[in-house]
Amino acid sequence: MRRLLLLVLIALAALPASARRRAASASDPLVITSADAIATAALAEGIPGLTIAVRKGTAVFIRSYGIAGVDSGTEARADTVYQIASVTKQFTAAAIMRLEEDERLALDDRAGLYLPELDERFDAITIRHLLTHGSGLRDYESQLQNPFEEMTQQQIIALITSSGPLFTPGSEYEYSNSGYYLLGIIIERTSGRPYEQFLRETFFEPLGLTQTSYCGTRSPSPAGTILLAGAVIPIPAAHMSIVGAAGALCSTAADLIRWNTALTNGIAVSSAAYDRMIGQGNRMGLGLHYGFGLVVDTRGSVLSIWHNGSILGFQSMLLWIPERELTIAVLTNLTDLDRDRAGEIARALAASIEP
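The numbers attached to residues start from 1 for each chain and follow its sequence in the written order. The predicted origin of the model limits local features to residues at a pLDDT of at least 70 and limits the giving and counting of side-chain atom pairs to 80 or more, whereas totals for whole chains, interfaces and linings rest on all residues. Hydrogens and waters are ignored; side-chain quantities use all the structure's heavy atoms.

A.B. asks: Summarise the sheet that holds strand 14 (residues 334-335); cite the residues concerned and give the values.
C.D. replies: Across a sheet, paired strands are connected by hydrogen bonds in the backbone, their directions being either parallel or antiparallel. A pair of strands is labelled paired if DSSP reports no fewer than 2 bridges between them. Secondary structure elements follow DSSP: runs of H or I of four or more residues count as helices, runs of E of two or more count as strands, with numbering from the N terminus. Strand order in the open sheet formed by 3 strands is 6-5-14, with mixed pairing between adjacent strands. Of all strands in the sheet, those with a lone pairing partner are strand 6 (231-235) and strand 14, marking the two edges. Sheet topology places strand 5 (residues 224-228) next to strand 6; 5 bridges connect them, and they run antiparallel. Looking at strand 6, one finds that L227 is bridged to V232.

A.B. asks: How would you summarise the state of the cysteines if you had to cite specific residues and measurements?
C.D. replies: Cysteine sulfur atoms that pair up within 2.5 Å are treated as a disulfide. Counted according to the given criterion, the structure contains 1 disulfide. One disulfide in the model links C215 with C250; its S-S distance is 2.0 Å. On the sign convention where negative is left-handed, the bridge of C215 and C250, at about 110° about the S-S bond, is right-handed. Separated by 35 residues along the polypeptide, C215 in the loop between strand 4 (213-214) and strand 5 and C250 in strand 7 (residues 249-251) bring together distant segments of the chain. Pair check on accessibility: C215 and C250 agree, each one buried. Note on exposure labels: buried denotes an accessible area under 20% of the residue type's maximum, exposed denotes more than 50%, and partly exposed covers the range between, all computed with a 1.4 Å probe on protein chains only.

A.B. asks: Describe the nonpolar core, with residues and values.
C.D. replies: Put simply, a nonpolar core is a bunch of buried Ala, Val, Leu, Ile, Met, Phe, Trp, Tyr and Cys residues held in one set by side-chain atoms that sit within 4.5 Å of each other. Core analysis: the biggest nonpolar cluster contains 114 residues, and I52, W259, M277 and I328 have the highest contact counts within it. For this analysis, residues touch if any pair of their heavy atoms sits within 4.5 Å. Setting aside its immediate chain neighbours within four residues, M277 contacts Q90, A93, A94, M97, L263, V269, G291, F292 and L294.

This is the structure we're talking about:
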């Protein structure tokens with residue numbers, strides 16, 4: 001969501017900043033002695049609040065630090081809800097896999113079969129291309145004028161189709177929220193249900209993800225902060241209509257741990273479907289491979305599977321290391337345009353935990 005973040009820098013200059021931070025802790029079966037030091041360092045570097053959840057085998061650690069509401073000073077807690085941004089994409093990809101298993105669509109179907117708004121310039125784009133960022137679609141975020149105003153699907157589609165593909169579909173990799181926004185519409189049109197309802201009935205309720213929702217449907221979207229010129233500045237939430245299936249979910253760190261367990265154990269989707277999610281995709285280079293809503297990371301000696309996210313006010317990371325049976329979710333209420341703060345924390349935790 002980097003381009004979206006850049007749109008608000010001028011407007012932010014007049015907003016007040018808050019420096020108040022407090023830590024909240026909890027006692028959990030899994031002990032991670034490094035967590036407090038890693039989190040304290042993150043708070044000292046400007047993150048107002050964060051929540052960490054770790055699952056190793058069957059043991060779980062959950063702890064929150066700092067403040068969740070910069071204006072109110074409320075403490076971050078284990079059940080604090082954050083915007084998870086592009087971590088949403090693995091839910092969207094899993095929904096597509098469920099629809100494929102139900103024979104409502106096929107991954108190699110032309111996207112235009114479900115999206116007649118795509119003219120002949122886009123005929124070569126398939127659902128698989130949308131999943132793996134191989135469509136060549138220009139990221140519509142670069143054309144947004146105001147991230148706080150509601151937009152209709154047709155307005156977003158018009159932005160996406162304002163120019164043809166940047167490259168022959170399937171020939172290259174370029175991360176684009178446009179593909180996942182369109183996947184959300186495909187989910188709606190093939191299932192006959194709104195994207196939010198399909199995810200709620202297919203995943204959230206059956207899997208016990210009680211704190212996961214489409215942002216703004218259960219309560220106002222949470223608002224976070226952004227680091228600007230060295231100051232931590234409160235920022236309003238973007239309007240979720242402009243984000244859609246590319247990044248509009250809200251959740252807790254604990255729910256993301258539950259989600260990853262369900263996804264990787266043949267519960268959210270079949271084991272065969274999950275194998276396809278991580279086994280097929282598009283090469284990103286440097287030992288990275290983009291599957292279906294998941295980054296498959298072969299750098300180093302141990303495989304890791306992850307996705308991060310960044311949106312106005314929040315950064316997130318969900319990391320899974322299969323060989324170590326280790327899942328780490330980190331949610332923060334700060335956007336740093338220059339650093340992946342949640343990813344840094346997650347990887348520091350992974351390095352500190354014994355194999």
